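Coordinates in review
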Amino acid sequence: MAFWWVNHKQTRAHEVRGGYLWSPYRNTNGAFNQTYENMKLVQPGDVVFSYANGHIGAVGRVTVAASPSPKPIEFGNVGDYWSHEGWLVEVDFKEAHRPLRML
């Protein structure tokens, strides 16, 4: 089992509520991005800490490893500059009753 820290910005609500993580394969300019490559390393049973807005607000357990997937429709205009193809990891997230504030 591994532990993963996810810095959610624009898509946190969609991903936590929807039970997944999604990322494009590469940066907008086509460059390598280790964060995106890490999606391929995530395995079922791994634990994911969801960090956004200064808090760990949800913790999840990976249920399905990364697979190729189009960008989720619910992202709408968020991440317009991202590729429309990427990695999807299914995660069973649980919202924290009292989010842990990071200083």
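Attention here is on the structure that accompanies the text. Just so it is clear, the model here is predicted, and its values are computed rather than measured. (Residues numbered from 1 in each chain as written. Predicted model: local features only at pLDDT ≥ 70, side-chain atom pairs only at ≥ 80, totals over all residues. Heavy atoms only, no water.)

**Section: the overall build of the protein**
Across its full length, the protein holds two helices and five strands. Against the globule reference of 13 Å for 103 residues, the protein gives a C-alpha radius of gyration of 13 Å, in line with a compact fold. Projected onto the principal axes, the alpha-carbon positions of the protein cover approximately 35 × 30 × 25 Å. Looking at the protein residue by residue over its 103 residues, the buried ones come to 39%. (Helix = DSSP H or I, 4+ residues; strand = E, 2+ residues; numbered from the N terminus. Rg over C-alpha atoms; globule rule 2.2 N^0.38 Å. Buried < 20%, exposed > 50% of the residue type's maximum accessible area, 1.4 Å probe, protein only.)

**Remarks on the pairing of strand E1 (residues 3-7)**
Working note: regular strand, side chains alternate between the two faces of the sheet. The alternating pattern of E1 places Trp4 and Val6 on a buried face and Phe3, Trp5 and Asn7 on a face that is not buried. As defined by bridge partners, E1 adjoins strand E3 (residues 47-52) across five bridges and the pair is classed as parallel. Each bridged residue has a counterpart across the sheet, and for Trp4 the counterpart in E3 is Val48. (Pairing = 2+ DSSP bridges.)

**A look at the side chain of Asp46**
Within the element layout of this structure, Asp46 appears in the loop between helix H2 (34-38) and E3. Engagement of the side chain of Asp46 in a polar contact is seen with the backbone nitrogen of Ala2, the distance being 3.0 Å. Discounting residues that sit within four places of it in the chain, Asp46 has contacts with Met1, Ala2, Trp4, Leu41, Gly60, Arg61 and Val62. (Polar contact = N/O pair within 3.5 Å; in protein donor to acceptor, adjacent residues only side chain to side chain. Contact = heavy atoms within 4.5 Å.)

**Focus on the pattern of salt bridges**
For the coordinates displayed, the defined rule picks out three salt bridges. The closest approach of N and O atoms between Glu95 and Arg12, which form a salt bridge, is 3.0 Å. Of this pair, Glu95 sits in strand E5 (residues 85-101) while Arg12 sits in helix H1 (residues 12-18), and the two are 83 residues apart along the sequence. On the basis of relative accessible area, Glu95 is assigned to the partly exposed category, the value being 48%. Across the salt bridge formed by Asp92 and Lys94, the nearest N and O atoms sit 3.3 Å from each other. With relative accessibility at 39%, the residue Asp92 sits in the partly exposed group. (Salt bridge = Lys/Arg side-chain N within 4 Å of Asp/Glu carboxyl O.)

**Quick word on the nonpolar core**
Counting residues in each nonpolar core, the largest one holds 13 residues, and the members touching the most others are Leu21, Val48, Val62, Val89, Val91 and Phe93. With four residues, the single largest contributor to this core is E5. Discounting residues that sit within four places of it in the chain, Val89 has contacts with Gly19, Tyr20, Leu21, Met39, Val42, Val62, Val64, Ala65 and Ala66. Grouped together as the second largest cluster of nonpolar side chains are six residues, Tyr20, Tyr36, Phe75 and Leu88 included. (Core = buried A, V, L, I, M, F, W, Y, C linked by side-chain atoms within 4.5 Å.)

**Let's talk about the packing of aromatic side chains**
With the rule as written, the count across this model stands at eight aromatic pairs. Each residue in the set Tyr20, Trp22, Phe75, Tyr81 and Trp82 is aromatic and connected to the rest through ring pairs, giving one cluster. (Phe/Tyr/Trp six-rings, centres within 6.5 Å; stacked < 30°, edge-to-face > 60°.)

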